[in-house]
Amino acid sequence: MENGSVVIRKRGADRIQRGHLWVYRTDIANVDAAPGSIVSVRNERGVVLGKAFYSSKSQIALRFLARGNVPIDESFFRLRFELADGLRERLGVDPFLSRRIYSEGDFLPGLIIDRYQDRLVVQSLIQGTDKIQPFMTELLRQRYPSILFRNDSRVRELEGLELKQEVVGEPIPETLIVDEDGKKIALSLTAGQKTGSYLDQRDNHQAARRYAHGHALDAFTYAGGFALQISEVCDRVEAVDISAGAVEMVRANAKRNGLTNIEAIEANAFDYLRDQHRQGARYDTIILDPPAFAKNKESLEGALRGYKEINNRAMRLLRSGGILITCSCSHHVTEGLFAEMLADAAKDAGCWARVLERRFQSRDHPILLTVPETLYLKCFILEIRY
Ligand code: SAH
């Protein structure tokens, strides 16, 4: 499967030695490889540092698969898949609804595989994974009756790849009902957010259930991920989303589970928080899980202002002793920046914020310490005190 070689400069080599998996185009000295091929990567003295996917388009020219001179063949990929399954088994992850491969986090850059019951949703994000798609399809088809390739993510454009969806095997139903920790949730694998749902928040949904109580607000609810899980431990839950489609989903999901204390509301969360405050409403639990406000470094400052605004408003709406479960899925907002922003918001609200838990994405999205890009979701569970 290997063909080609790339020589990298010292800065790129140092980066790999420190445990990152990427080499930028600016650190490439010489290329003898076709787009998307698996290459041997050498330093300028000719020593093989490892094997990597080569991209002819992206600024991230190399994504490492392995260190050292190990052969990359079908059994290499088979083993990577087995290791990923093995980790999830050890972690006690639900095999029927989970991320099976989390790209760099599973040492398989550019590849995402989610399992929804007996169906797989695959995202190939780079030239390298597109090239091995036929082999992967064969491998996966031995175990799963149908595979949806959701190769319609915009990040593929950075690699010069077309956006498309393909189904291999049995057709994918329009709506699938899955069981997330005892709650039935309807989702669309072909049209839903991400690969169909926010698997990355599943562990946090459960954590929220441990603290939520009283009158709760789930301000960016989507299909009701948090709202459905906390409904039984709360008196009432307001589930807000700006999208009419999402509001329809949470309403239907609440009904499907016989949960009568969830009120689905179509509104802009920024306005809703402000209006509720004006009307003198008070809450015991508020959950903030907005979309990524910072899509890149340039938008970081504006994003932090946005995060601060909703967190400050939520803090002011909480009773003393209330719980704020607050998330950011912007990679550029580091855990440190997020904590600082929260401290600023608490200062302006005139409250203390006690950290009950500092959490990340679900454990089927493993984080590599030396690849900070693998950590994108932060979730703080705070107790607000006045
Ligand atoms: N909490 C959900 C995932 C939320 S995704 C879960 O755990 O499954 C973010 C959601 O925020 C999307 O559904 C999007 O429609 C919604 N959204 C984006 N901007 C919004 C705004 N200004 N007000 C309310 N909802 C918003």
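Here the structure is shown first, and the text comes after it.
Parameters at a glance
- Residues numbered from 1 in each chain as written.
- Predicted model: local features only at pLDDT ≥ 70, side-chain atom pairs only at ≥ 80, totals over all residues.
- Heavy atoms only, no water.
- Helix = DSSP H or I, 4+ residues; strand = E, 2+ residues; numbered from the N terminus.
- Rg over C-alpha atoms; globule rule 2.2 N^0.38 Å.
- Buried < 20%, exposed > 50% of the residue type's maximum accessible area, 1.4 Å probe, protein only.
- Contact = heavy atoms within 4.5 Å.
- Areas by Shrake-Rupley, 256 points an atom, 1.4 Å probe, with all protein chains shown as cover.
- Expected span 1.5 Å × (residues − 1).
- Disulfide = S-S within 2.5 Å.
- Salt bridge = Lys/Arg side-chain N within 4 Å of Asp/Glu carboxyl O.
- Near = heavy atom within 4 Å.
- Polar contact = N/O pair within 3.5 Å; in protein donor to acceptor, adjacent residues only side chain to side chain.
- Nonpolar A, V, L, I, M, F, W, Y, C, P; charged D, E, K, R; others polar.
- Phe/Tyr/Trp six-rings, centres within 6.5 Å; stacked < 30°, edge-to-face > 60°.
- Pairing = 2+ DSSP bridges.
- Axes fitted to C-alpha atoms, helices over the stretch in contact; angles between N-to-C directions.

A.B. asks: Could you clarify how one ought to interpret the overall build of the protein in this entry?
C.D. replies: A tally of regular secondary structure across the protein gives 10 helices and 20 strands. Here the protein has a C-alpha radius of gyration of 22 Å; the compact-globule value for 386 residues is 21 Å, and the two agree. By its C-alpha atoms, the protein is 70 × 45 × 35 Å across when sized along the principal axes. The buried share of the protein, reckoned over its 386 residues, is 55%. Summarising the internal contacts of the protein: among those between residues at least 6 apart in sequence, 63% fall at separations of at least 24. Carbon and sulfur atoms make up 51% of the accessible area of the protein, which amounts to about 16,900 Å² in all.

A.B. asks: Whenever I open this one, helix 9 (residues 300-317) confuses me. Can you help?
C.D. replies: In an α-helix there are 3.6 residues to a turn, and that puts residues three or four apart on one side. Across its 18 residues, helix 9 extends 26 Å between first and last C-alpha, which sits within 8% of the 26 Å expected from 1.5 Å per residue. Every buried residue of helix 9 is listed here: Leu300, Ala303, Leu304, Gly306, Tyr307, Ile310, Asn311, Asn312, Arg313, Ala314, Met315 and Leu317.

A.B. asks: It is not clear to me how the state of the cysteines should be interpreted in this structure. Could you clarify?
C.D. replies: Covalent bonding between the sulfur atoms of two cysteines is what defines a disulfide. Under the definition given, this model contains zero disulfides. Cysteine Cys234 remains unbridged, with the sulfur of Cys379 as its closest cysteine sulfur at 15 Å. Look at Cys234 and you get buried, because its relative accessible area is 7%. Lacking any disulfide linkage, Cys379 is separated from the closest cysteine sulfur, that of Cys327, by 3.8 Å. Owing to a relative accessible area of 0%, Cys379 belongs among the buried residues under this scheme.

A.B. asks: In this structure, what is going on with the pattern of salt bridges? I would like to understand it.
C.D. replies: Opposite charge on two side chains lets them pair, provided their charged atoms get close. In the structure shown here, the tally under the stated rule is 35 salt bridges. A salt bridge links Glu157 to Arg154; the nearest nitrogen and oxygen atoms lie 3.1 Å apart. Linked through salt bridges whose partners overlap, the residues forming this network are Asp271, Arg274, Asp275 and Arg278.

A.B. asks: How should I be thinking about the site of the ligand in this particular structure?
C.D. replies: Inspection of the region around the ligand gives 17 residues, with His205, Phe220, Asp241, Ala269 and Asp289 positioned closest. Within the backbone of Phe220, a nitrogen or oxygen atom sits 3.0 Å from a nitrogen atom of the ligand. Protein burial of the ligand: of its 580 Å² of free accessible surface, 89% is covered by the chains. Per-class residue counts for the shell around the ligand are nine nonpolar, six polar and two charged.

A.B. asks: Would you mind showing me how to read the packing of aromatic side chains here?
C.D. replies: Geometrically, a pair of aromatic rings is defined through the distance of the ring centres and the angle of the planes. All told, the structure shown has nine aromatic pairs when counted by the stated rule. For the pair Phe53 and Phe77, a centre-to-centre distance of 6.5 Å together with 20° between the ring planes defines the contact as stacked. Taken together, the positions of Phe53 in strand 5 (residues 48-54) and Phe77 in helix 2 (residues 74-91) put the pair 24 residues apart, joining distant regions of the chain. For the residue pair Phe53 and Phe77, the accessibility class agrees, reading buried in each case. With a centroid separation of 5.1 Å and 85° between ring planes, the pair formed by Tyr198 and Tyr222 is classed as edge-to-face. Residue Tyr198 is found in the loop between strand 13 (183-187) and helix 5 (202-211), and its partner Tyr222 is found in the loop between strand 14 (215-218) and helix 6 (225-230); the two are separated by 24 residues along the sequence.

A.B. asks: Is there a simple way to think about the sheet that holds strand 11 (residues 164-169) in this case?
C.D. replies: The strands that make up a sheet pair up through hydrogen bonds in the backbone, lying either parallel or antiparallel. Strands sit in the order 7-8-9-10-11 across an open sheet of five strands; the sheet is mixed. Of all the strands in the sheet, the pair left with one neighbour each is strand 7 (97-102) and strand 11. Here the average twist between neighbouring strands, direction ignored, is 20°. Two strands pair when backbone bridges link them, and strand 7 and strand 8 (residues 111-116) are joined in this way by five bridges, in the antiparallel orientation. Looking at strand 8, one finds that Ser98 is bridged to Arg115.

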